[in-house]
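Letter by letter, the chains look like this.
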Amino acid sequence: MKISNKHIAEIADLLDAGQICYFHKQTGQIEHHTDPDSPFFDPDKWKDIISYIKKDSNNFMRFELMDSRDSYKVMANFAHSIQDTTISEKLVDTLAQPKPFQNFKHQIQYLNYLDDWYKFKQSAMMDWVRQQIAE
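Rules of the game
Residues numbered from 1 in each chain as written. Predicted model: local features only at pLDDT ≥ 70, side-chain atom pairs only at ≥ 80, totals over all residues. Heavy atoms only, no water. Helix = DSSP H or I, 4+ residues; strand = E, 2+ residues; numbered from the N terminus. Contact = heavy atoms within 4.5 Å. Areas by Shrake-Rupley, 256 points an atom, 1.4 Å probe, with all protein chains shown as cover. Axes fitted to C-alpha atoms, helices over the stretch in contact; angles between N-to-C directions. Parallel < 35°, antiparallel > 145°, perpendicular 65-115°, else oblique. Left-handed = near helix turned anticlockwise from the far one by under 90°. pLDDT = per-residue confidence, 0-100. Polar contact = N/O pair within 3.5 Å; in protein donor to acceptor, adjacent residues only side chain to side chain. Nonpolar A, V, L, I, M, F, W, Y, C, P; charged D, E, K, R; others polar. Phe/Tyr/Trp six-rings, centres within 6.5 Å; stacked < 30°, edge-to-face > 60°. Buried < 20%, exposed > 50% of the residue type's maximum accessible area, 1.4 Å probe, protein only. Core = buried A, V, L, I, M, F, W, Y, C linked by side-chain atoms within 4.5 Å.

A. Molecular detail of the overall build of the protein. When you go through the protein residue by residue, the secondary structure sums to 6 helices and 3 strands. Reading the protein from its N terminus to its C terminus gives the helix and strand order α-β-β-α-β-α-α-α-α. Considered along the principal axes of its C-alpha atoms, the protein spans approximately 55 × 35 × 20 Å. The long-range fraction of contacts in the protein, counting pairs at least 24 apart against all pairs at least 6 apart in sequence, stands at 56%. Per element, the accessible surface of the protein, about 8700 Å² overall, is 49% carbon and sulfur.

B. The packing of helix H4 (residues 85-96) against helix H5 (residues 100-110), seen in detail. It is the contact of H4 with H5, at a shortest axis distance of 8 Å, that shows an interaxial angle of 155°. Here H4 lies roughly antiparallel to H5, going by the angle between them. Considering only the axes of H4 and H5, their crossing is right-handed. On H5, the residues that touch Leu91, Thr94 and Leu95 of H4 are Pro100, Asn103, Phe104, Gln107 and Ile108.

C. Structural view of the confidence of the model for the protein. On average, residues of the protein score 94 in pLDDT, and 99% of them are at 70 or above. By mean pLDDT, helix H2 (residues 43-55) is the weakest element of the protein at 92, and helix H3 (residues 68-81) is the strongest at 97.

D. Examining the side chain of serine 38 more closely. With respect to the helices and strands, serine 38 occurs in the loop between strand E2 (30-34) and H2. Among the polar contacts made by the side chain of serine 38, one reaches the main-chain amide nitrogen of phenylalanine 40 at a distance of 3.0 Å.

E. Expanded view of the packing of H3 against H4. The geometry of H3 relative to H4 is characterised by a closest axis approach of 8 Å and an angle of 155° between their N-to-C directions. Comparing their axes, H4 and H3 come out roughly antiparallel. The two elements H3 and H4 cross, and the hand of that crossing is left-handed. Between H3 and H4, the residues in contact are Tyr72, Met75, Ala76, Phe78, Ala79 and His80 and Ser88, Leu91, Val92, Leu95 and Ala96, respectively. Grouping the constituent residues of the contact of H3 with H4 by class yields 9 nonpolar, 2 polar and no charged.

F. Broad picture of the packing of aromatic side chains. Summed over the entire model, instances satisfying the criterion amount to 6 aromatic pairs. Among the aromatic residues, ring-to-ring pairing joins Phe78, Phe104, Trp117 and Phe120 into one connected group.

G. Quick look at unusual backbone geometry. One non-glycine residue, lysine 99, adopts positive backbone phi at about 55°. Tracing the backbone shows lysine 99 in the loop between H4 and H5. Even without being glycine, asparagine 112 reaches a positive phi, approximately 60°. Within the secondary structure, asparagine 112 sits in the loop between H5 and helix H6 (114-134). Assessed through its relative accessible area of 68%, asparagine 112 is described here as exposed.

H. View of the nonpolar core. In terms of nonpolar packing, the biggest core is built from 30 residues, with Ile11, Leu15, Phe63, Phe78, Leu91 and Phe104 touching the most fellow members. Counting residues per element, the ones that place at least two in this core are helix H1 (5-16), strand E1 (19-24), H3, H4, H5 and H6. The leading source of residues in this core is H6, at 6 residues.

Shown next as structure tokens:
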């Protein structure tokens, strides 16, 4: 089964929210659960879904979360994509400072680039999903 752009967008949104996603190759059904390594993971809440996925694991394609190094690259690519060099340089400088993830978000809010960032990030997340499909 081919994974549609609608499915790719849904998986990208779930991954961005910290969920590990699974796509059922035959039905097109998407399942997800919180990353077990997350401090917010509640095994009781997700036990039925995890059990269901394990029972039919050969038919599910798993999608992994982006690691911090790849997330950082997405932020850097966004900073470099900005045409206004003053703003681009501010964002690049922010990424070079301590707590780059937290400070980057504050900076793009302050600079009124939040909508542009979300569009860019969504596109990058969808590319991340497509990359995993290709592998």
